[in-house]
Amino acid sequence: MTVPADWPTTAEAARAEQERLRPLVVPEGPEPPRRPGTLIAGVDVAYDDERDVVAAAAVLLDYATLDVVEQATAVGRVAFPYLPGLLAFRELPAVLDALARLIRTPHLVVCDGYGLAHPRRLGLASHLGVHTGLPTLGIAKNPFTFTHQPPADHRGAWSPLLDGPTPVGRALRTRAGVKPVFLSVGHRIGLDEATAVTLALTPSYRLPETTRRADALCRQALAATAPAP
């Protein structure tokens, strides 16, 4: 895994980089066409804190069928300490490496995390999008520090995810009567379009197929690096 030479090493430098990149986020754009050949990538990471190792996975799905068409992993040393609000600096080097190992380029990347739903409006999905130029969105398992009213119980119901009075995403019900997911725009996609993508990626489970497949793969990659007992 390669860490960029100019990668921030302090919290102050990381926050300054977020402030620099934030104006470059494009919070609008189309949903990719839902047809064979459209490729949606899911990325995720897993950690072994005792060994200071991170494994990232990138899994490409055909948007029409949700079948896996390609996948890649990257394993290396953790590039940045754990600090709330700065997780992108910890995860991005491995994620970028995994994405670079794919032969094909995704039309959209889905992150297990946040985009504009971030204190400085630059979560992992937005940072990744600006860095690569790819459309991105974030789908998280919990609302982080933000508030929301519970959406109605039916699939597709949503309520605003709020930072104070400011909407930063949506709490979206992907299965009837099941806890919602929390989505936010990353880069080059609108919120309505991100909602449509999220529902298309969750035909059977609460979490999107992109996240489910990438999560399983990065855990496998991490386990494969563990020393023999």
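Criteria and thresholds
Residues numbered from 1 in each chain as written. Predicted model: local features only at pLDDT ≥ 70, side-chain atom pairs only at ≥ 80, totals over all residues. Heavy atoms only, no water. Helix = DSSP H or I, 4+ residues; strand = E, 2+ residues; numbered from the N terminus. Polar contact = N/O pair within 3.5 Å; in protein donor to acceptor, adjacent residues only side chain to side chain. Contact = heavy atoms within 4.5 Å. Pairing = 2+ DSSP bridges. Axes fitted to C-alpha atoms, helices over the stretch in contact; angles between N-to-C directions. Phe/Tyr/Trp six-rings, centres within 6.5 Å; stacked < 30°, edge-to-face > 60°. Buried < 20%, exposed > 50% of the residue type's maximum accessible area, 1.4 Å probe, protein only. Lys NZ or Arg CZ within 6 Å of the ring centre and 35° of its normal.

A. Spotlight on the side chain of Glu 91. Its place among the elements puts Glu 91 in helix H2 (residues 87-100). Of the polar contacts made by the side chain of Glu 91, one reaches the side chain of Tyr 47; its length is 3.4 Å. The contact partners of Glu 91, leaving out residues within four places of it in the chain, are Val 45, Tyr 47 and Leu 124.

B. Spotlight on the sheet that holds strand E7 (residues 166-172). Within the open sheet, the 8 strands sit side by side as E3-E2-E1-E4-E5-E8-E7-E6. Their pairing is mixed. Since the sheet does not close on itself, it has two edges, and those belong to strand E3 (68-77) and strand E6 (158-163), each with one partner. Strand-to-strand twist across the sheet, computed as the mean angle between neighbouring axes with direction ignored, equals 25 degrees. Pairing analysis gives 10 bridges linking strand E1 (residues 39-48) to strand E2 (residues 53-62), with the strands arranged antiparallel. Paired with Leu 39 across the bridge in E2 is Asp 62. The strands that helix H3 (residues 124-132) touches are E1, strand E4 (108-111), strand E5 (136-140) and strand E8 (181-187); relative to E5, the one it contacts most, it runs at about 165 degrees.

C. Layout of the packing of aromatic side chains. A full pass over the atoms with the stated rule returns 4 aromatic pairs. Aromatic side chains Trp 7 and Phe 89 sit 5.6 Å apart centroid to centroid with 55 degrees between the ring planes, which places their arrangement in the tilted category. Taken together, the residues span a long stretch of sequence, with Trp 7 in the segment before helix H1 (11-21) and Phe 89 in helix H2 at a distance of 82 residues. Comparing Trp 7 with Phe 89, the two get one shared label, buried. A ring pair is formed by Phe 80 and Phe 89, whose centres lie 5.7 Å apart and whose planes are at 40 degrees; its orientation type is tilted. By relative accessible area, which is 2% here, Phe 80 ends up buried. Taken together, the ring pairs in this structure connect Trp 7, Phe 80 and Phe 89 into an aromatic cluster. Its end group placed over the ring of Trp 158, Arg 170 keeps NZ or CZ at 3.6 Å from the ring centre. In this arrangement the basic side chain of Arg 212 is found over the ring face of Tyr 205, its NZ or CZ atom lying 3.7 Å from the centre.

D. Seen up close, the pairing of E8. Counting buried positions along E8 gives 7 out of 7 residues, so the element sits mostly inside the fold. Sheet topology places E5 next to E8; 5 bridges connect them, and they run antiparallel. By the bridge assignment for E8, Ala 140 is matched with Phe 182. In terms of strand pairing, E7 meets E8 through 3 bridges, oriented antiparallel. What sits directly across from Arg 170, in E8, is Leu 183.

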